[in-house]
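# A look at the structure
Residue-level listing of the chains:
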2 protein chains.
Amino acid sequence: MTSAVVLLSGGIDSSTLLHYVSRTLGISNIYALSFNYGQRHSRELQAAAAQAAAVGVHEHRSLDISGFGSLTAKGSVLTDLSSEVPDLADIPEADRQQPPTYVPNRNMVLLSLAAAYAEAHAVHDVYYGAQAQDEYGYWDCTTDFLVRINELLSLNRKQPITIRAPFVDKRKADVVRIGLALGVNYAETWTCYCGGDQPCGRCPSCAERAQAFAHAGQSDPLLCL
Amino acid sequence: MTSAVVLLSGGIDSSTLLHYVSRTLGISNIYALSFNYGQRHSRELQAAAAQAAAVGVHEHRSLDISGFGSLTAKGSVLTDLSSEVPDLADIPEADRQQPPTYVPNRNMVLLSLAAAYAEAHAVHDVYYGAQAQDEYGYWDCTTDFLVRINELLSLNRKQPITIRAPFVDKRKADVVRIGLALGVNYAETWTCYCGGDQPCGRCPSCAERAQAFAHAGQSDPLLCL
């Protein structure tokens, strides 16, 4: 029986990845891992639970590391609840290289915890949903990051773990196309940074999601509810 | 003003390191970071607070990531509260390479969080108390680990962080000698894996502490209380 840990935020990339790992890669024993890291809302955690149930994972854990938010509140509008998430249009072009919605060292934190979870359950592979469009803003979604974190983890004498990011070379529209072909229900995913009943439609994340569906030539089912 | 984040467990190595960073390196603006990661007791966190106060750090944060314990409970007697901490004498020689008190991927998890804390506060250096005696049992206390985690963190385009472990080539007795010269009050440190009013004197950690004081030619003030 093949096993894997999958980081599952409940957004488009990780939800598609979960279905891809299960159906395209045929991995039957999936440990899905979500986090409350002090982000602005728990709406994406509800989406994560829905996707885990849709795939039929072996186990889905949500880890509370909400103290991480206060530890890094000075570093990000995502975890500093006193600040406002800016509209994409208001972010200067130069700042988009490392947008204010970046959370300091988030992927290394989450992948370290995922690797620990994998090791404790004798699982060798951890999947996360980095894709090429994030690479421009987030240093921790790049191929270089993937190579170096695996060089680090390969030192583990007890059980080497490999981090895998099958979408690292794909753009978000390609991810949406893969997910639609796999029958992912995108009405049960959440992308908006702001929470609420409906996506705000203006934050950088909403803008990116809209562009991905447009490029994939599809309408976003979440907007049709 | 020079600044640093220091990982502070409240044991001998990290308590000595804290004094070393403050007094020997002369770093005036110290952010000390401790963790409740689901370990067996909070006695070492009390010791950490006492050491932070003794040095006069700028800030001391204790981060609750206790869910990490349940995530890795299958992997370690330190976080699996249903198991018993073995006496050193009962651990087969072969298993001491990676002792049962090892917590899966702990240092990478803690250092990732420390790096995030540093980044959010514009601090460039993170210190942790790895020493050469741990190297035999823990892959995440080695020089190789240090080199590779720094190669990973150097990719951060916003703010590269360097992890520093000044004791990585020293044995525990050397650390004790350094600390005694700096006036560290070892009565306010805690090493025993088991908690309680007095150290158990039998667990692997107590055995190592006793040996370090013996080799340094000193008595352990914690045992004289």
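Rules used in this analysis
- Residues numbered from 1 in each chain as written.
- Chains lettered and ligands numbered in written order.
- Predicted model: local features only at pLDDT ≥ 70, side-chain atom pairs only at ≥ 80, totals over all residues.
- Heavy atoms only, no water.
- Helix = DSSP H or I, 4+ residues; strand = E, 2+ residues; numbered from the N terminus.
- Contact = heavy atoms within 4.5 Å.
- Least-squares fit on C-alpha atoms with pLDDT ≥ 70 in both.
- Pairing = 2+ DSSP bridges.
- Axes fitted to C-alpha atoms, helices over the stretch in contact; angles between N-to-C directions.
- Buried < 20%, exposed > 50% of the residue type's maximum accessible area, 1.4 Å probe, protein only.
- Right-handed = clockwise from strand over helix to strand, strands pointing away.
- Salt bridge = Lys/Arg side-chain N within 4 Å of Asp/Glu carboxyl O.
- Parallel < 35°, antiparallel > 145°, perpendicular 65-115°, else oblique.
- Left-handed = near helix turned anticlockwise from the far one by under 90°.
- Nonpolar A, V, L, I, M, F, W, Y, C, P; charged D, E, K, R; others polar.

## A closer look at the overall build of chain A
Secondary structure assignment for chain A yields 7 helices and 5 strands. Sequence-ordered secondary structure for chain A, helices as α and strands as β, is β-α-β-α-β-α-α-β-α-β-α-α. Taking all contacts inside chain A whose residues are at least 6 apart in sequence as the whole, residues at least 24 apart take part in 76%.

## With respect to the relation of the copies chain A and chain B
Superposition of chain A onto chain B requires a rotation of 180° combined with a translation of 0.0 Å along the rotation axis, giving an RMSD of 0.0 Å. Taken together, the rotation and translation relating the two chain copies correspond to the operation of a two-fold axis. Taking the C-alpha atom as reference, chain A places Ile65(A) closest to the rotation axis, 2.7 Å from it. Here 100% of the contact residues of chain A are again contact residues in chain B; the copies associate through an equivalent surface.

## Looking at the sheet that holds strand β4 (residues 125-127) of chain B
All names here are of chain B. Taken in spatial order, the 5 strands line up as β3-β2-β1-β4-β5 in an open sheet, and their pairing is parallel. Edge positions in the open sheet fall to β3 (59-64) and β5 (162-164), since each of these has one partner strand only. Taking the axes of each pair of neighbouring strands and ignoring which way they run, one obtains an average angle of 25° across the sheet. In this structure, strand β1 (residues 3-7) lies alongside β4, joined through 2 bridges in parallel fashion. Bridging across to β4, Val5 finds its partner in Val126. Those strands touched by helix α1 (residues 12-24) are β1, β2 (29-36) and β4, and its axis lies near 170° from that of β1.

## Remarks on the pairing of β1(B)
Along a regular strand, successive side chains alternate from one face of the sheet to the other. Residue and element names in this part refer to chain B. Burial analysis of β1 places 4 of its 5 residues in the buried class, the great majority of the element. Of the strand pairs in this sheet, β1 and β2 are connected by 5 bridges, and their pairing is parallel. Bridge pairing in β2 places Ala4 opposite Ile30. Between the parallel pair β1 and β2, the chain is carried across by α1, and the sense of this crossover is right-handed.

## Notes on the pattern of salt bridges
Tallying each qualifying case throughout the model produces 12 salt bridges over all chains. Arg177(B) is paired through a salt bridge with Asp174(B); the nearest N and O atoms lie 2.9 Å apart. Of the two residues, Arg177(B) and Asp174(B) are both situated in helix α6 (residues 172-182); the distance of 3 residues between them amounts to about one turn of the helix. On the basis of relative accessible area, Arg177(B) is assigned to the partly exposed category, the value being 41%. With relative accessibility at 30%, the residue Asp174(B) sits in the partly exposed group. A single network of salt bridges, built from pairs that share partners, joins Asp13(A), Lys172(A) and Glu208(A).

## With respect to unusual backbone geometry
Positive phi is not limited to glycine here, since Ala122(A) has a value of about 60°. Take Ala122(A): it is sitting in the loop between α4 (106-120) and β4 (125-127).

## Quick notes on the packing of α4(A) against helix α4 (residues 106-120) of chain B
One can describe the packing of α4(A) onto α4(B) by two numbers: an axis separation of 8 Å at closest approach and a directional angle of 165°. By the criterion of interaxial angle, the relationship of α4(A) to α4(B) is roughly antiparallel. Crossing geometry of α4(A) relative to α4(B) is assigned as left-handed. Only Met108(B), Val109(B), Ser112(B) and Leu113(B) of α4(B) make contact with α4(A), whose side of the interface consists of Met108(A), Val109(A), Ser112(A) and Leu113(A). Its residues assigned to classes, the contact of α4(A) with α4(B) shows 6 nonpolar, 2 polar and no charged.

Note that every value here comes from positions in space, so none of it alone points to a role or purpose.
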